[in-house]
Amino acid sequence: MNVDDTQPDNLNPDGNADRDENDRQSPQIKVTNPSSFFPSALFKQALGFLRRDLSTPSRATSAENLPSTTSQKKFDPIPAETYDLILQYSNTSSTNKPLRHFAHFPHPFDSVVLPFMGVYRKHFYIHGKLYSPFFVHPGNSSISFLRTPTRPEPAIIQSIWTLEVERVQRTFLVIQQPVALSPSDQQNNPYQQMPLLQASLAYDEYKDPIVIEPHVVQGHVPYYKRPPGTFGIDRATVIMVDSLHRGRS
């Protein structure tokens, strides 16, 4: 048997055939797993990418990258009567420079003017408790407050306003107090004989509004309206129980 032991022509020393210049410079693609080109394998790879896209939010849609939104407070003009009440209260309860009415022109250079617009509050927290004007929630509007340190008084919140006064936000509560019983009707009040109940009785009628601030509010006051004739009193009355605050001031 004849064996041809001659070397083939045009071989490089490494045993590879000569290639043109472009072939020598082009990168070689090395396939290590030919089965990855099968249709089933390609489908599995595509499914894997799909799962990864669904499970990992992109940087553009991640909640951490969304712009934060802040609620913008809406400023409303303060009704004239309420404005006058707040102005009067502020000037009688503070020792600072008196506030001027916004419409009383001309204003001196160094004067402080009470803003004629503010934020009308439908809800407001005081000592962690929620309070509201009467038309929003009658129960949350019924309060007791301390005009003096030892004598709580009942009232109904009619409106709540927040204003910026001298770069400080201040909140004002416009309230109305029930009309006290006459001396003759007070004699028919059974609760005056039971002080431990901390219940009071008044007419279901209300005085002119006044202004207070949140720091004097003591707590909520449950109330129970009664028709004329209750306890022998000819006018409608309201029973108020001032014990929810448990004596806290």
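Note on numbering: residues in each chain are counted from 1, in written sequence order. Two thresholds apply to this predicted model, a pLDDT of at least 70 for residue-level local features and 80 or more for giving and counting side-chain atom pairs, whereas whole-chain, interface and lining totals are computed over all residues. As a rule here, side-chain values come from all non-hydrogen atoms in the structure, and water together with hydrogens is ignored.

**Points about the overall build of the protein**
Broken down by element type, the protein carries 5 helices and 14 strands. The buried label goes to any residue with under 20% of its type's maximum accessible area, the exposed label to any with over 50%, and the partly exposed label to all in between, with areas taken from a 1.4 Å probe on protein chains only. Counting over 249 residues, the protein shows a buried share of 29%. For the protein, contacts bridging at least 24 residues in sequence account for 59% of all contacts bridging at least 6. Only the protein chains shown count as covering a residue, and every accessible area follows the Shrake-Rupley method with a 1.4 Å probe. Accessible area of the protein: about 17900 Å², with a carbon and sulfur share of 55%. Working definition: helices are DSSP H or I runs of at least four residues, strands are E runs of at least two. Numbering for both runs from the N terminus. Any two residues having at least one pair of non-hydrogen atoms within 4.5 Å are treated as being in contact.

**Describing helix 3 (residues 80-93)**
Take the number of residues in a helix, subtract one, and multiply by 1.5 Å to get its expected span. Here helix 3 is 14 residues long and its end C-alpha atoms lie 20 Å apart, about the 20 Å a rise of 1.5 Å per residue gives. Burial in helix 3 covers these residues: Thr82, Tyr83, Leu85, Ile86, Leu87, Tyr89 and Ser90. Here the buried face of helix 3 lies against strand 2 (99-100), strand 8 (151-165), strand 9 (168-176) and strand 11 (210-212).

**Looking at the confidence of the model for the protein**
With 69% of its residues at a pLDDT of 70 or more, the protein has an overall mean of 79. pLDDT is defined as a per-residue confidence score from the predictor, taking values between 0 and 100. Note on residues 42-47: pLDDT is under 50 here. Beyond four places in sequence and across chains, it has 3 contacts. Here residues 49-71 scores under 50 on pLDDT; set against residues more than four positions off or in separate chains, the count is 1 contact.

**Quick notes on the environment of tyrosine 131**
Assignment of secondary structure puts tyrosine 131 in strand 6 (residues 129-131). Excluding residues that lie within four positions of it along the chain, tyrosine 131 makes contacts with Lys122, His123, Phe124, Ile126, Asn140, Ile143, Ile157, Ile160, Val217, Gly219 and His220.

**Things to note about the packing of aromatic side chains**
Stacked, tilted and edge-to-face pairs are distinguished by plane angle, under 30 degrees for stacked and over 60 for edge-to-face with tilted covering the rest, among Phe, Tyr and Trp rings (Trp via its six-membered ring) whose centres lie within 6.5 Å. Across all of its chains, the model carries 6 aromatic pairs by this definition. Ring geometry for tyrosine 83 and phenylalanine 102: centres 5.3 Å apart, planes at 85 degrees, overall edge-to-face. Within this pair, whereas tyrosine 83 is found in helix 3, its partner phenylalanine 102 is found in the loop between strand 2 and strand 3 (112-113), the two being separated by 19 residues in sequence. The exposure class assigned to phenylalanine 102 is partly exposed, which follows from its relative accessible area of 31%. An angle of 80 degrees between the planes, with centres 6.1 Å apart, marks the rings of tyrosine 89 and phenylalanine 172 as edge-to-face. One end of the pair, tyrosine 89, is in helix 3; the other, phenylalanine 172, is in strand 9, and 83 residues separate them in sequence. The exposure class of tyrosine 89 is buried, given its relative accessible area of 17%. A network of ring pairs unites the aromatic residues Tyr83, Phe102 and Phe116 as a single cluster.

**Notes on the pairing of strand 8**
For two strands to be treated as a pair, DSSP must find no fewer than two bridges joining them. Looking at chain direction, strand 4 (residues 117-120) and strand 8 are connected through 2 bridges and run antiparallel. Each residue of the ladder has a partner; that of valine 119, found in strand 8, is threonine 162. Looking at chain direction, strand 7 (residues 142-148) and strand 8 are connected through 6 bridges and run antiparallel. The residue of strand 8 that forms the bridge with isoleucine 143 is alanine 155.

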